[in-house]
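Report on the structure
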Amino acid sequence: RGVYQFVGDCLDRDSCLGYLAAKLPGFHVGGKTALAWRGILHNLPARERLTLWGAPKTKLPDWFTERFDSRYTARNLFHQSAKLPGVSPLPESPRGAPVSSPERGLLEMLSEVGVTQEVEEARNIMESAGTLRSKVVAQLLKACRQEKAARLCVGWGEELKMPWAGAARKAVGDRFGESRWVTRLKDGSTLILKP
């Protein structure tokens, strides 16, 4: 309702994303798409699938999904009470749709590992994330509700010797205890994360 298209016109992706951001609370481009749009990527995909996040559980309109390959997530990755940085339009399109910062996008992507995100690709993308801001990573990790995302961020950050790994470790501390975290992934493999 309230959306129309003239005959022969094509809908512009960024304008459509801006429209959805105005209609859906918390709507933003997130995860792997946000990382790629902010210059952190491993391989250029042949066909980009948009990773979109928002607060309400809803279904994206058919007119949008029929034209743009996308996946929408309404997961509460962070504690709602926390005032968090990390979602703003890209500098080159200041009136465009909100896009996660690299730090937030990384945690969003890691939260999807084993669900819609392959483990190896996530780790390869993370290798390119050496320029993340330590303070922002720490702030987001303190508010992160998902153990898997936090443990992957800290563990892989340390293994890859990321400049922000120390701040990440300090932010998480011993919040998740001293035991390993084990889960069976969608592809049947097992993911084991150290404390």
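Predicted model, so just to flag it, every value in this text is computed and none were measured.

Here's the deal with unusual backbone geometry
In the Ramachandran plot, Lys161 falls in the positive-phi region, its phi being about 55 degrees despite a non-glycine side chain. You can see Lys161 is positioned in the loop between helix H7 (147-159) and helix H8 (165-172).

Quick word on the packing of aromatic side chains
Applying the stated criterion to the full structure yields four aromatic pairs. A centroid spacing of 5.1 Å and a plane angle of 40 degrees characterise the contact between Phe64 and Phe68, whose relative ring orientation is tilted. For Phe68, a relative accessible area of 12% gives the class buried. Grouping aromatic residues by their ring pairs yields a cluster made of Tyr19, Trp63, Phe64 and Phe68.

Focus on the packing of helix H5 (residues 119-126) against H7
Between H5 and H7, the shortest axis-to-axis distance is 11 Å and the interhelical angle comes to 60 degrees. The angle between the axes of H5 and H7 places the two elements in the oblique class. Read as a crossing pair, H5 and H7 show a hand that is right-handed. Residue-level contacts link Val119, Ala122, Arg123 and Met126 of H5 to Leu152, Cys153, Trp156, Gly157 and Glu159 of H7. When grouped by side-chain class, the residues that make up the contact of H5 with H7 number six nonpolar, one polar and two charged.

Cut-offs used in this document
- Residues numbered from 1 in each chain as written.
- Predicted model: local features only at pLDDT ≥ 70, side-chain atom pairs only at ≥ 80, totals over all residues.
- Heavy atoms only, no water.
- Helix = DSSP H or I, 4+ residues; strand = E, 2+ residues; numbered from the N terminus.
- Phe/Tyr/Trp six-rings, centres within 6.5 Å; stacked < 30°, edge-to-face > 60°.
- Buried < 20%, exposed > 50% of the residue type's maximum accessible area, 1.4 Å probe, protein only.
- Axes fitted to C-alpha atoms, helices over the stretch in contact; angles between N-to-C directions.
- Parallel < 35°, antiparallel > 145°, perpendicular 65-115°, else oblique.
- Left-handed = near helix turned anticlockwise from the far one by under 90°.
- Contact = heavy atoms within 4.5 Å.
- Nonpolar A, V, L, I, M, F, W, Y, C, P; charged D, E, K, R; others polar.

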